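In case you want the letters, here they are:
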Amino acid sequence: MANEPHSDQVASDSASDGQTGKVLNPVPLAGRHGSPTDEEKASESALPPTDHGVAAWVTVAGGFSVLFVSFGWITCIGVFQDYYQTHQLSSYSPSTVAWIPSLEACIIFIWGPIVGNLFDNYGPRWLLIVGTFLHVFGLMMVSLCTQYYQFILAQSICSATGASILFFAGLTAVSTWFVRHRALALGITVAGSSLGGIVFPIMVEHLNAKVGFAWTIRICAFLILALCLFANFTVQSRLRHTPKPINIRDYWQPFREAPFATFALGYFLFYLGFFIPYNFIILEAERYGMSSSLAGYLVPVLNAGGSVGRIAPGWLADRIGRFNVMIMVTIFSAIVVLALWIPGQSNGAIIAFCVLYGFSSGAFITLAPAILAQISPLPQLGARQGICFAFIAIASLLSNPIAGALVPNTGVDPFWKLQLFAGMVMVGGAIMITVARIAGGGVSLKIVI
């Protein structure tokens, strides 16, 4: 399998665009892993070209569909937190109910190392088939659930495992096709999750009133099946995948690299707060007087803001540096949470928060995979992305139950403790990502990194 020259991953990004700032590869991987051999260079030259071609952009279209049905489904978890608390699971505390979406968010990331290794060895084809079956089958079982443990098994484990496989297969496949425009391509791909996060909550809200919960979930599952079939025919990898023996070192070696280790820690801290607004914004809005009909649209508003945030910052990051833009959006996210969400209790303030936080959090989702691809050898990209996502799976698992414990009774307790926790862990994440940027490229603001 070819090893892509890493100097091209950043240098060609900005040099070809006429940037005047100094361009630096943040992680000199060639020095660690060795320069490409003549055989690797010949293999690379035999592969399809990067950054253009029908196959590359068709893969982006398929990846868009995959993100729509996987991460797009996960980002509407606030709808289910609200619904379960008032219907099937009304006898459980918010913190207990929060384990359902939290475990779901954890599972979509925790399979990363395994799925990433399978992708590096076999490519995306069988991963997409298995992921499609598990995701759709799990949701069909959710439509039959009435007990807490049943929701855990069907929604949080089975469906989320399928979504995880789809998520990693689609995201990594797109990354193999692009170098210069990788952040933009991933931004378009990840925008699928925003559209899914807009469509699914509205579908659930309206269908539930007309056909009931069971058929609402089934209709969503049929839509997911149709989009997954499209992805199965369009998503492909640029690389030639050859099975290799599993090397345990591949799973811990990246954490010996300062940029990777500090970025992973920043990623972890930011994700401790990331899902909290998505999960609790409806409950918080209703607590402060917003009508339930209007509050039901807050998650779609979050994802609508994320649609722009997933594409525009990706385009900018390919020009002024992915780390540089990532630092900006993480700091902005923390400011919006601390300075707007905490004091803002009116309908207008809450909606404004949703738009702004949706934009910044959407940018974060786009830029993280682009940065991981930038600091990783291409043949190991699937495994290294999976390792980092598995690391943040712990944050996804813990964040919502912690937040739920900070607001024991959402009907009478204030939300500022929950909001302060989310904002401060985002500040910690922004600091560590800045440290990762300095570790890779120094402190000069002129470096495009």
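Predicted model, so just to flag it, every value in this text is computed and none were measured.

Turning our eyes to something else, we now look at the overall build of the protein. Helices and strands together make up the secondary structure of the protein, namely 20 helices and zero strands. Counting every position in the protein, which comprises 449 residues, the buried fraction comes to 59%. Contacts in the protein between residues at least 24 apart in sequence constitute 85% of all its contacts with a sequence separation of at least 6. For the protein, the accessible surface area stands at approximately 15800 Å², while carbon and sulfur atoms represent 70% of it.

So, about the side chain of R218. The topology assignment puts R218 in helix 12 (residues 182–234). One buried charged side chain, R218, makes no salt bridge at all; its nearest oppositely charged neighbour is E104, positioned 17 Å away. In this structure the side chain of R218 is engaged in a polar contact, spanning 3.1 Å, whose partner is the side chain of S143. Beyond its immediate sequence surroundings of up to four residues, R218 is in contact with M140, S143 and L144.

Right, let's talk about the environment of V448 for a bit. Mapped onto the secondary structure, V448 falls in the segment after helix 20 (416–441). Relative accessible area serves as the criterion here: at 7%, V448 is assigned to the buried category.

What follows covers helix 19 (residues 381–406). Two residues of an α-helix separated by three or four positions point the same way, owing to the 3.6 residues in each turn. Compared with the 38 Å implied by 1.5 Å per residue over 26 residues, the 38 Å span of helix 19 between its first and last C-alpha is a close match. Among the 26 residues in helix 19, 19 count as buried, and that is most of the element.

Once that is clear, we can look at the packing of aromatic side chains. In this structure the tally under the stated criterion is 42 aromatic pairs. For the ring pair F68 and F200, a centre distance of 5.3 Å and an interplane angle of 55° mean the geometry is tilted. Of this pair, F68 sits in helix 4 (residues 54–69) while F200 sits in helix 12, and the two are 132 residues apart along the sequence. With respect to class, F68 is no different from F200; both count as buried. Ring centres 5.4 Å apart and planes at 50° place the aromatic pair W73 and F80 in the tilted group. An identical accessibility class is assigned to W73 and F80; each is buried.

The next point concerns the packing of helix 8 (residues 99–110) against helix 19. Relative orientation of the contacting elements helix 8 and helix 19 amounts to 175°, with a least axis distance of 7 Å. By the angle class used here, helix 8 and helix 19 are roughly antiparallel. In contact with W99, S102, L103, A105, C106, F109 and I110 of helix 8, helix 19 contributes G386, F389, A390, I392, A393, S396, L397, N400 and P401.

Turning our eyes to something else, we now look at the packing of helix 4 against helix 12. Between two packed helices, what matters for the description is the angle formed by their axes and the separation of those axes. The interhelical angle for the contact between helix 4 and helix 12, taken along N-to-C directions, is 30°, at an axis separation of 3 Å. Put simply, helix 4 runs roughly parallel to helix 12. Here the residues of the contact of helix 4 with helix 12 are counted per class, giving 22 nonpolar, nine polar and no charged.

What follows covers the confidence of the model for the protein. Put simply, the protein has an average pLDDT of 84, and 89% of its residues get 70 or more. At the level of individual helices and strands, the protein shows its lowest average pLDDT in helix 1 (residues 7–15), which scores 38, and its highest in helix 10 (residues 125–142), which scores 96. Contacts for the low-pLDDT stretch residues 1–37, under 50 throughout, to residues beyond four places or in other chains number 98 contacts.

Locating M203 in the fold gives a position in helix 12. On a C-alpha basis, the gap between M203 and I217 in space is 9.4 Å, while along the polypeptide they are 14 residues apart. Setting aside chain neighbours within four positions, we find M203 in contact with N208, T216, I219, C220 and L223.

Let us look at the pattern of salt bridges. For the coordinates displayed, the defined rule picks out two salt bridges. For R384, the salt bridge goes to E257, with nearest N and O atoms at 2.8 Å. Linking R384 in helix 19 with E257 in the loop between helix 13 (249–252) and helix 14 (258–287), this pair joins segments that are 127 residues apart in sequence. Judged on exposure class, the residue R384 and its partner E257 are both buried. Measuring nitrogen to oxygen at the nearest pair gives 3.0 Å for the salt bridge that ties D318 to R322.

Nonpolar side chains collect at one region of the surface, where I110, W111, I114, L118 and Y122 lie side by side and expose about 460 Å² of accessible area between them. Counting residues per element, the nonpolar patch draws most heavily on helix 9 (residues 112–122), which supplies three residues. Assignment of secondary structure puts Y122 in helix 9.

Positionally, G62 belongs in helix 4. Judged by relative accessible area, G62 falls into the buried class, the value being 0%. Between the C-alpha atoms of G62 and A231, which are 169 residues apart in sequence, the distance is 4.3 Å. Residues within four places of G62 in sequence aside, it is in contact with F230, A231, T234 and V235.

The rules behind these values
- Position labels on residues start from 1 in each chain and follow its written sequence.
- Thresholds applied to this predicted model are a pLDDT of at least 70 for local features of residues and 80 or more for the giving and counting of side-chain atom pairs; totals over whole chains, interfaces and linings are not thresholded and use all residues.
- Note that the side-chain values use all heavy atoms of the structure and ignore hydrogens as well as water.
- What counts as a helix is a DSSP run of H or I of at least four residues, what counts as a strand is a run of E of at least two, and both are numbered from the N terminus.
- Exposure classes here rest on a 1.4 Å probe applied to the protein chains alone. A residue is buried below 20% of its type maximum, exposed above 50%, and partly exposed in between.
- By definition, residues are in contact when any of their heavy atoms lie within 4.5 Å.
- Reported accessibility uses the Shrake-Rupley method at a 1.4 Å probe radius. Residues are deemed covered only where the shown protein chains occlude them.
- Within this scheme the basic residues Lys and Arg register as positive and the acidic residues Asp and Glu register as negative, but His and the chain ends are omitted.
- Within this document, salt bridges are pairs made up of a side-chain nitrogen of Lys or Arg and a carboxyl oxygen of Asp or Glu, the two lying within 4 Å of each other.
- Polar contact is the term for a pair of N or O atoms within 3.5 Å; when the atoms are in protein, one must be able to donate a hydrogen and the other to accept it, and sequence-neighboring residues count only if both atoms are side-chain atoms.
- The length a helix should cover is 1.5 Å for every residue beyond the first.
- Only Phe, Tyr and Trp rings take part, Trp by its six-membered ring, and two of them pair if their centres are within 6.5 Å. Stacked means planes under 30 degrees apart, edge-to-face means over 60, and tilted covers everything else.
- To obtain each axis, a line is fitted to C-alpha atoms, and for helices this fit is confined to the stretch in contact; angles are then taken between N-to-C directions over 0 to 180 degrees.
- Oblique is the label for every angle not falling under 35 degrees (roughly parallel), over 145 degrees (roughly antiparallel), or within 65 to 115 degrees (roughly perpendicular).
- Each residue receives one of three labels: charged for Asp, Glu, Lys and Arg, nonpolar for Ala, Val, Leu, Ile, Met, Phe, Trp, Tyr, Cys and Pro, and polar for the others, Gly being one of them.
- Think of pLDDT as the predictor's per-residue confidence, scored from 0 to 100.
- By definition, no residue in a patch forms a salt bridge, and every one has over 30% relative accessible area; like charges are joined within 9 Å, nonpolar side chains (Val, Leu, Ile, Met, Phe, Trp, Tyr) within 5 Å.

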